[in-house]
Amino acid sequence: MSAGLHEPGNEPTTHETLHIDWWESLWIRISTVVLICFSAAVFYATTQLGIQVPGVHMRIDPTTVNDPAKSPFANPQVTQIAEGEYEAYVRSQIWLFTPAEIRIPVGSKLTMYVTSQDVQHGFKIDRTNVNVMVLPGQVSKMSHTFTEAGIYNFICHEYCGVGHHTMFGRIIVEDEAMIAAATATAEAVAAAPTAAPAAAEGAAPVASAGDAEKGKALFVTCAACHGPNGEGVTGLGKPFTTSEFIASKTDAELVEFLKVGRAVGDPLNTTGVAMPPKGGNPALTDQELLDLVAFVRTLHQ
Ligand code: CUA
């Protein structure tokens, strides 16, 4: 009977067949306006603010992430690719990022490639919109332009085991004053009196240029793997109480060692567990490392 609808006099009139309550009509209009606003905001954020959803840059075999022939993550580092543009490869593993410290000049655009060699981690940079999950087998890529000088911590924000809370690093965005200060600190450490290598067995611990009391307060970073009294933890960290290595090194040598740590691939690594740079706390300054060395020397028996 549909043909009959088009005969004169049979046209439906809106107010008879489609009654919309005033309130319902109002809400339909509000919903429509809200959807238009959301769409406009997404369009503006994408085209004007450059906000992007981090994508999968590429796939990678997590078992060969440490193979220099197959992976740019074997020796991950920061490189300058153009004026004001830097590129960083960051490898995640339990429980550290390599590199844990990235230095770039203020105003630089940093593009980061991040992957994991073991389990699921996270990568979030404080005070930026960089925030991704880091999955084994996947390389995540994201960029950020750092227009303000300062220290931006990045953290693992996916629970990845007992050392999860120690997994972080930092990006140091330097202006000229910060570069000058860093140079001055490096010179001060180089000029610090170096303690003589260990004396014969039974001799008093070697004197150190650091402040052992302050070092004691910082020792919590080391205690996680080396035990609360430096007695060592089987399968994690070696004991300090009997360490010939510590006794045979000068303060400056130990500070240099602490800054680098000891990766699993290092032939001198005898535990099979990575010693992360600065024990996993990249916030430690050179002076604080000196203080830690001073305290660790007091543990030697
Ligand atoms: Cu890696 Cu939490």
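Computed from a prediction, not measured in an experiment: that's the story for all the values here.

(A) Fine view of the overall build of the protein. Looking only at helices and strands, the protein features 8 helices and 11 strands. Counting across all 301 residues of the protein, residues that qualify as buried make up 36%. Within the protein, contacts between residues at least 6 apart in sequence are counted, and of these 60% link residues at least 24 apart. Accessible surface for the protein amounts to roughly 17500 Å². Of this, 60% is attributable to carbon and sulfur atoms.

(B) Fine view of the side chain of His-144. The topology assignment puts His-144 in strand β9 (residues 138–145). Sequence-distant contacts of His-144, that is, excluding residues within four places in its chain, are made with Ser-108, Lys-109, Leu-110, Met-112, Thr-128, Asn-129 and Val-130.

(C) The arrangement of the nonpolar core in detail. Ranked by internal contacts, the top residues of the largest apolar core, which has 23 residues, are Leu-110, Met-112, Phe-123, Ile-125 and Ile-171. Every element with two or more residues in this core is listed here: β3 (85–93), β5 (101–105), β6 (109–116), β7 (121–125), β8 (131–134), β10 (150–155) and β11 (168–174). Membership of the second largest hydrophobic core comes to 19 residues, among which are Cys-222, Phe-240, Leu-258 and Phe-295.

(D) Local environment of the packing of helix α7 (residues 251–260) against helix α8 (residues 286–299). Contact geometry of α7 with α8 gives a least axis separation of 9 Å together with a crossing angle of 115 degrees. As judged from the angle between their axes, α7 and α8 are roughly perpendicular. When the axes of α7 and α8 are compared, the crossing they make is right-handed. Facing α7, whose interface residues are Asp-251, Leu-254, Val-255, Leu-258 and Lys-259, α8 presents Asp-286, Leu-289, Leu-290, Val-293 and Arg-297. Across the contact of α7 with α8, the residue classes break down as 6 nonpolar, no polar and 4 charged.

(E) Structural context of the environment of Val-134. Mapped onto the elements, Val-134 comes out in strand β8. Sequence-wise, Val-134 and Lys-124 are 10 residues apart; in three dimensions their C-alpha atoms are separated by 10.0 Å. Sequence-distant contacts of Val-134, defined by excluding residues within four places in its chain, comprise Ser-92, Val-114, Thr-115, Ser-116, Val-119, Gln-120, His-121, Gly-122 and Phe-123.

(F) Looking closely at unusual backbone geometry. The linkage connecting Ile-94 with the following residue, Trp-95, adopts the cis geometry, with an omega of -5 degrees. The peptide bond linking Thr-98 to Pro-99 adopts the cis configuration, its omega dihedral lying at -5 degrees. With respect to the helices and strands, the residue Pro-99 is situated in the loop between β4 (96–98) and β5. In this structure, Arg-127 takes a positive phi of about 60 degrees despite not being glycine. Tracing the backbone shows Arg-127 in the loop between β7 and β8.

(G) Representation of the sheet that holds β11. Read from one edge to the other, the open sheet built from 5 strands follows the order β5-β11-β10-β7-β8, with strand pairing classed as mixed. Taken across any chain shown, the strands that pair with only one partner, and hence form the sheet edges, are β5 and β8. Taking the axes of each pair of neighbouring strands and ignoring which way they run, one obtains an average angle of 20 degrees across the sheet. Pairing geometry for β7 and β8, over 4 bridges, is antiparallel. Counted as the bridge partner of Gly-122 is Met-133 from β8. Lying on the sheet, helix α3 (residues 176–191) is in contact with β5, β10 and β11; it crosses β11 at an angle near 115 degrees.

Reading the values: rules and limits
- Residues numbered from 1 in each chain as written.
- Predicted model: local features only at pLDDT ≥ 70, side-chain atom pairs only at ≥ 80, totals over all residues.
- Heavy atoms only, no water.
- Helix = DSSP H or I, 4+ residues; strand = E, 2+ residues; numbered from the N terminus.
- Buried < 20%, exposed > 50% of the residue type's maximum accessible area, 1.4 Å probe, protein only.
- Contact = heavy atoms within 4.5 Å.
- Areas by Shrake-Rupley, 256 points an atom, 1.4 Å probe, with all protein chains shown as cover.
- Core = buried A, V, L, I, M, F, W, Y, C linked by side-chain atoms within 4.5 Å.
- Axes fitted to C-alpha atoms, helices over the stretch in contact; angles between N-to-C directions.
- Parallel < 35°, antiparallel > 145°, perpendicular 65-115°, else oblique.
- Left-handed = near helix turned anticlockwise from the far one by under 90°.
- Nonpolar A, V, L, I, M, F, W, Y, C, P; charged D, E, K, R; others polar.
- Pairing = 2+ DSSP bridges.

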